[in-house]
Amino acid sequence: MNILVQPIKNRLLAGLPPEDLAELHRHLEPVTLPKKQILYEVGAPLDRVYFIEEGLASVLTTMEDGASSEVGMVGPEGLIGVSALLGGSVSAQHIVMQLPGRGHHIAAKHCKSVFDQSPPVREVVLRFIEDLLNLSSQTAGCNRLHSVEQRSARWLLMASDRIGGAQLPLTPEFLAAMLGVRRSGVSEAMSELQRSGLIRYRRGEITIVDRAGLEKTACECYRLDKQRVERLL
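Because the structure is a prediction, the values reported are computed rather than measured.

A separate point is the confidence of the model for the protein. Per-residue confidence for the protein gives a mean pLDDT of 90; residues scoring 70 or more make up 97%. Scored below 50 in pLDDT, residues 1-5 makes seven contacts in the model with residues more than four places away or belonging to other chains.

Helix-helix packing: each pair is described by the crossing angle between the helix axes and the interaxial distance. Between helix α3 (residues 108-117) and helix α4 (residues 119-145), whose axes approach to 5 Å, the crossing angle comes to 105 degrees. It follows from the interaxial angle that α3 and α4 lie roughly perpendicular. Counted together, Val114, Phe115, Asp116 and Gln117 of α3 and Pro119, Val121, Arg122, Val125 and Leu126 of α4 form the full contact between these two elements. Among the residues forming the contact of α3 with α4, the class breakdown is six nonpolar, one polar and two charged.

Attention now moves to unusual backbone geometry. Note: most residues except glycine have negative phi, and most peptide bonds are trans. A positive phi angle, close to 75 degrees, is found at Lys36, a residue other than glycine. When you line up the elements, Lys36 lands in the loop between β1 (29-33) and β2 (38-40).

On to helix α6 (residues 172-179). α6 sits mainly inside the fold: six of its eight residues count as buried. Every buried residue belonging to α6 is among Pro172, Phe174, Leu175, Ala176, Met178 and Leu179, and all of these are buried. Just past α6, the residue Gly180 takes up positive phi, approximately 70 degrees.

For the rest of this paragraph, the subject is the pattern of salt bridges. Applying the stated criterion across every chain, the model contains 13 salt bridges. For Asp161, the salt bridge is made with Arg211, and the minimal N-O distance between the two is 2.3 Å. Highlighted residues: Asp161 in helix α5 (residues 148-163) and Arg211 in helix α8 (residues 211-217), separated in sequence by 50 residues. Taking the relative accessible area as the measure of exposure, Arg211 reaches 28% and is therefore partly exposed. A salt bridge links Asp225 to Arg228; the nearest nitrogen and oxygen atoms lie 3.7 Å apart. Here Asp225 and its partner Arg228 are both found in helix α9 (residues 220-232), three residues apart, which amounts to about one turn of the helix. Exposure class is identical for Asp225 and Arg228. Each is buried. What emerges from the salt-bridge pattern is a single network uniting Glu77, Asp131, Arg162, Asp225 and Arg228.

A few words now on α3. Residues three or four positions apart in an α-helix share a direction because the helix packs 3.6 residues into each turn. For α3, the set of buried residues is Ala108, Cys111, Val114 and Phe115. Buried residues of α3, viewed axially, fall in a sector of 130 degrees; they line one side. The exposed residues of α3 that point more than 90 degrees off its buried face are Lys109 and Gln117. On its buried side, α3 packs onto α2 (18-25), β3 (48-62), β6 (94-107) and α4.

One way to put it is that α5 packs onto α6 with a least axis distance of 11 Å and a crossing angle of 100 degrees. With respect to their mutual orientation, α5 and α6 come out roughly perpendicular. In this structure, α5 contributes Arg151, Ser152, Trp155 and Leu156 to the contact, and α6 contributes Phe174, Leu175, Met178 and Leu179. Classifying every residue of the contact of α5 with α6 by side-chain character gives six nonpolar, one polar and one charged.

On to the packing of aromatic side chains, then. Per the stated rule, a full pass over the model turns up two aromatic pairs. Between Trp155 and Phe174, the aromatic rings sit 5.3 Å apart at their centres with planes inclined by 75 degrees, giving edge-to-face as the arrangement. Note that Trp155 is positioned in helix α5 and Phe174 in helix α6, a separation of 19 residues in sequence. The same class applies to Trp155 and to Phe174, which are both buried.

The rules behind the values
Residues numbered from 1 in each chain as written. Predicted model: local features only at pLDDT ≥ 70, side-chain atom pairs only at ≥ 80, totals over all residues. Heavy atoms only, no water. pLDDT = per-residue confidence, 0-100. Contact = heavy atoms within 4.5 Å. Axes fitted to C-alpha atoms, helices over the stretch in contact; angles between N-to-C directions. Helix = DSSP H or I, 4+ residues; strand = E, 2+ residues; numbered from the N terminus. Parallel < 35°, antiparallel > 145°, perpendicular 65-115°, else oblique. Nonpolar A, V, L, I, M, F, W, Y, C, P; charged D, E, K, R; others polar. Buried < 20%, exposed > 50% of the residue type's maximum accessible area, 1.4 Å probe, protein only. Salt bridge = Lys/Arg side-chain N within 4 Å of Asp/Glu carboxyl O. Arc of directions from axis to C-beta. Phe/Tyr/Trp six-rings, centres within 6.5 Å; stacked < 30°, edge-to-face > 60°.

Structure below.
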């Protein structure tokens, strides 16, 4: 089926001129992206670029002892495998689907060919790269300076923005891994957010109940991320 007759939910693809989108479309293939699917492991060849239509992927930095921490998240506003467009050959991060969805993938060599030849494609992709770099820098500062409760609120809001919904099928254990903190710390933060009426937690699912209140609880890093995504779109 020609994807051009379907509504395009990936913001990068939707922002391209028709002729550039058509050039990419020649090589795009639909793909289902289930929860916990690994898109890239550290050292894996960068052979595919993924344009997410629905769902959420986490970009993780992993240490020698196996501990990991999220340094970026990508949803329908972006793509996975962007280093391949800059000449990279292997992945430096572990990238996994944290919330299930779907998208399109394309061989990296085909995507890079269009990227090299099309100024509009370069402009859109480079704007996304800038956004991703700024997000990583902001996350580093946030992890150092803000409380677990503030960071938890920020993460939930960022994820909600990217998937366009208030229900997040995840657990405190998962959130602890993303934030790089102890499970007990996140469980305490979740309990406080629930007591305050900001979220509702049931086994395997967190629902944002009071978004305005959760935004007040989150650190200023959430506001900056929201502004970045709005500029990107």
